[in-house]
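# Notes for the structure review
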Amino acid sequence: MDSPIVITGMGLVSPLGCGVKPVWQRLLAAQSGIGLIDRFDTADIPIKIAGLVPDIEQDALAGFDVNQVVEKKERKKLDLFSIYALAAAKEALQQANWLPKSEDDKQATATIIATGIGGLSTITQALRTMDSRGYKRLSPFTAPAFLANLAAGNVSIKYGFKGPLACPVTACAASLQAIGDGMRLLRSGEANVALVGGAEACVDPFSLASFHALKALSSESDEPAKASRPFDQTRNGFVMGEGSGLMVIETLAHAKARGATPLALLSGYGTSSDAYHITAGHEDGQGAAAAITRALKTAAIKPREINYINAHATSTQVGDAAEVAALRGVFAEDLPNIAISSTKSSTGHLLGAAGGIESIISAMAIINDVVPPTLNLTNVDNNFQDLDFVPNHSRTQSVQHALCNGFGFGGVNAALIVSKVDDYDSK
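Rules used throughout
- Residues numbered from 1 in each chain as written.
- Predicted model: local features only at pLDDT ≥ 70, side-chain atom pairs only at ≥ 80, totals over all residues.
- Heavy atoms only, no water.
- Buried < 20%, exposed > 50% of the residue type's maximum accessible area, 1.4 Å probe, protein only.
- Helix = DSSP H or I, 4+ residues; strand = E, 2+ residues; numbered from the N terminus.
- Pairing = 2+ DSSP bridges.
- Core = buried A, V, L, I, M, F, W, Y, C linked by side-chain atoms within 4.5 Å.
- Contact = heavy atoms within 4.5 Å.
- Polar contact = N/O pair within 3.5 Å; in protein donor to acceptor, adjacent residues only side chain to side chain.
- Phe/Tyr/Trp six-rings, centres within 6.5 Å; stacked < 30°, edge-to-face > 60°.
- Lys NZ or Arg CZ within 6 Å of the ring centre and 35° of its normal.

### Here we look at the pairing of strand β5 (residues 109-114)
Here β5 lies mainly inside the structure; six of its six residues are buried. Burial of the side chains of β5 extends over both faces: T109, T111 and I113 are buried on one face and A110, I112 and A114 on the other. Looking at chain direction, β5 and strand β7 (residues 193-200) are connected through six bridges and run parallel. Bridge pairing links A114 to G198 in β7. Relative to strand β6 (residues 165-166), β5 runs parallel, the two being bridged by two bridges. Residue T111 lies in a different strand from β6, and its bridge partner there is L165.

This is how it looks when you write it as structure tokens:
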């Protein structure tokens, strides 16, 4: 039997703060990271709220301190999504104690960091510069900053990782696909260790206006913390967020051989395409159901063995309904007995980084036997009344297997199953 794949390090940068421990504590305390945008003037755009990463001045305990991540002279070369990835990588690699010095270990380390949009803010700023000052005023670092694979590239360069490098750019399923790709590299023997997940920093007037044109975003601003309300009758769109979630993964045999602590098991992964529509999945969720079914098959577990589902649910009418339809198709009569929550109610929707953060949250649910809540759920959709969405308060319960979903524009679907490592760790 092939050695199972385990997580040995995790790193988070999120609207709830930075660091896995404080983010997890705030999530369980039902705190929200969504607020009014103060990074740029929103007077001329209809969207006023987002899930922004707090800086150290706003949040002394867990705010983002760029000075601890990158030197000032280097910042002009990097878009914010790359800086967030560098911060999450630092935490994950330190926890895993994977800072290889030998050439063999560097060659055996893969870097797979996804994004949905990449350096959008660098692009929009460059366009403003061209319009106002001409093309000669553009920085030579403009293109290297905005390219989608540069989060992975910059992390690889910093740590000397010379194994496979990749960047899935598959919308909101990208991070889960990065994790799945990393799992395949470990299985094939192309890498012994992989740093996987995603990064996003696309809260920008252009992106907000673009998604608003699709009628995908909530335009509420009076009570930002209540705007993201998945599964609620009154849900009216998602709230855009930013951040990064990265994990170090390796086989259990490799982890044991080097004395690393396995935190949780990546037991199953599946992906699929709807082949249907550029922005919406089938109403019956058949593509999403296919990805989940494949994940269950690779994990070799039955649907009823799942104890917790970290839903993709973004707080849109169509998307939440399609996901519930997919879950009903897979889990049937067992679904009402499974805890389901959408932590996007706390963080907003981090697009390409969503799965990176939510897979870590799923792992923390496994490790701690606690299920995080769905915030702002006061009037459950009439079609979902029989389901357990863990409304507004976290819950202590046994979590042996957790499912994490990610679905994106273009019809892409991905599903990851995270499991307790205890049963395998004794083998």
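### Focus: the nonpolar core
Counting residues in hydrophobic clusters, the biggest one holds 50 residues, and the most contacted among them are I7, M247, I249 and L266. Filtering out sequence-adjacent residues up to four positions away, I7 remains in contact with M247, V248, I249, T261, P262, L263, A264, L266, A363 and V418. One finds V69, V70, L86 and V193 within the second-largest nonpolar core, a separate group that totals 31 residues.

### Considerations on the pairing of strand β14 (residues 401-408)
Among the eight residues that make up β14, eight are buried, leaving the element largely enclosed by the rest of the structure. Because side chains alternate across β14, one face comprises the buried residues H401, L403, N405 and F407, and the other comprises A402, C404, G406 and G408, equally buried. For strand β10 (residues 308-310) and β14, the ladder comprises three bridges, and the chain directions are parallel. Its bridge partner being in β14, Y308 is matched across the sheet by A402. Here β14 pairs with strand β15 (residues 412-419) via eight bridges, running antiparallel. Across the sheet, the residue bridging to H401 is S419, located in β15. Linking two consecutive strands that pair antiparallel, namely β14 and β15, is a turn of three residues; a positive phi of about 90° is found at G410 within it.

### Side note on the side chain of S419
Of note, S419 is situated in strand β15. Under the relative-accessibility criterion, S419 is labelled buried at 1%. Engagement of the side chain of S419 in a polar contact is seen with the side chain of H401, the distance being 2.6 Å. Ignoring anything within four residues of it in the chain, the contact list for S419 reads A264, L265, S267, I366, Q400 and H401.

### Re the environment of K77
Relative to the helices and strands, K77 is located in the loop between β4 (49-50) and α2 (80-96). Sequence-wise, K77 and D320 are 243 residues apart; in three dimensions their C-alpha atoms are separated by 39 Å. In this structure K77 touches F141 and A145, once residues within four positions along its chain are discounted.

### Regarding the packing of aromatic side chains
All told, the structure shown has seven aromatic pairs when counted by the stated rule. A ring pair is formed by Y159 and F161, whose centres lie 5.6 Å apart and whose planes are at 20°; its orientation type is stacked. Accessibility assignment for this pair places Y159 and F161 in one class, buried. Ring centres of F231 and F389 lie 3.9 Å apart, and the angle between their planes is 15°; this geometry places the pair in the stacked category. Taken together, the residues F231 in the loop between α8 (205-213) and β8 (243-251) and F389 in the loop between β12 (370-371) and β13 (395-396) connect sequence positions 158 residues apart. We note that F231, like F389, is buried. Taken together, the aromatic side chains of F211, F238 and F409 make up a single cluster linked through ring pairs. The ring centre of Y159 lies 5.7 Å from the NZ or CZ of K158, which sits over that ring.

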